[in-house]
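# A look at the structure
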Amino acid sequence: MQSTRVLILLLLLSAAAAIVAYVNLTNSRDAAIASQRDLNICRADLADLSRWQATPGAAATSSGDDRAFNKDIRIAAIAAGIPNELASVEVGQPVRFEESDYLEMPLFLRLNAVTLRQLTTFIHDLSDNDPRLRAKMIELSVPTDIGSQPNRAARAAQGESWTADLTLARLSYAPKPRGNP
């Protein structure tokens, strides 16, 4: 009788240990699946970045990529309803991004008489068209020249119209020269 109770107790303890082990393995499997998904996302991001490789000297020159970027700016301005408000686009000197193999090229844009909704739509569409692009700084000021268009004057009268100076950063792949050990 005593040995039967011991065997039943051991059986119950074995079952409990099996359940705990099963739960741990299930949690580990879920964590491994999440890690695999994250790894796949990182690999896809790296593949996207490597597609836009350029030589260090080519970053400041005009290319088909620059023409595509200008087209992206026009498309984003049209989507935001401000195709005539883009006053200027200037390209700065590329600088190395945080000791990495990437250059960050500053882009300076000025938009006249835009609403915050139009500005947000413009930046969102521009970022969607070129994932290497991100807004670094946005400066808003009251427009000094509201122009002759009736909608500009109405927006300015309501205090909704702004002149926006945007500083954007665009990453491009440019491996650092490796020194001799």
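As a reminder, the structure under discussion sits directly above these lines.
So, here is what we can say about the structure in this document. Remember, predicted model here, so these are calculated numbers, not experimental data.

## Examining the pattern of salt bridges
In this structure the tally under the stated criterion is 6 salt bridges. The salt bridge involving Asp165 is made with Arg110; its shortest N-O contact spans 2.6 Å. Residue Asp165 is located in strand S5 (residues 162–173), and its partner Arg110 is located in strand S3 (residues 102–114); the two are separated by 55 residues in the primary sequence. Looking at Arg110, the relative accessible area reads 34%, which means it is partly exposed.

## Some words on the packing of aromatic side chains
Inspection of every chain in the model, using the stated rule, returns 1 aromatic pair. Here Tyr102 and Tyr173 contribute two aromatic rings whose centre-to-centre distance is 5.3 Å and whose plane-to-plane angle is 65°, an arrangement assigned as edge-to-face. One end of the pair, Tyr102, is in strand S3; the other, Tyr173, is in strand S5, with 71 residues separating them in the sequence. In this structure, Tyr102 and Tyr173 share a single accessibility class: buried.

## Let's talk about the nonpolar core
Counting 19 residues, the largest nonpolar core has Leu111, Phe122, Leu126 and Leu166 as the members making the most contacts within it. For this core, the secondary structure elements donating two or more residues are helix H2 (64–80), S3, helix H3 (116–129) and S5. Here Leu111 is in contact with Ile82, Glu85, Leu86, Leu119, Phe122, Trp162, Thr163, Ala164 and Leu166, once residues within four sequence places are set aside.

## Details of the environment of Asp165
Separated by 53 residues in the primary sequence, Asp165 and Asn112 have C-alpha atoms spaced 8.8 Å apart. When near neighbours in sequence (up to four residues on either side) are disregarded, Asp165 contacts Leu109, Arg110, Met137, Ile138 and Glu139. Side-chain polar atoms of Asp165 contact the side chain of Arg110, separated by 2.6 Å.

## Focus on the pairing of S5
Within S5, 10 of the 12 residues are buried, which leaves it mostly tucked inside the rest of the structure. Two strands pair when backbone bridges link them, and S3 and S5 are joined in this way by 11 bridges, in the antiparallel orientation. Residue Val114 lies in a different strand from S5, and its bridge partner there is Trp162. Looking at chain direction, strand S4 (residues 133–141) and S5 are connected through 8 bridges and run antiparallel. Bridging from a neighbouring strand, Arg134 pairs with Ala169 of S5.

The rules behind each value
Residues numbered from 1 in each chain as written. Predicted model: local features only at pLDDT ≥ 70, side-chain atom pairs only at ≥ 80, totals over all residues. Heavy atoms only, no water. Salt bridge = Lys/Arg side-chain N within 4 Å of Asp/Glu carboxyl O. Helix = DSSP H or I, 4+ residues; strand = E, 2+ residues; numbered from the N terminus. Buried < 20%, exposed > 50% of the residue type's maximum accessible area, 1.4 Å probe, protein only. Phe/Tyr/Trp six-rings, centres within 6.5 Å; stacked < 30°, edge-to-face > 60°. Core = buried A, V, L, I, M, F, W, Y, C linked by side-chain atoms within 4.5 Å. Contact = heavy atoms within 4.5 Å. Polar contact = N/O pair within 3.5 Å; in protein donor to acceptor, adjacent residues only side chain to side chain. Pairing = 2+ DSSP bridges.

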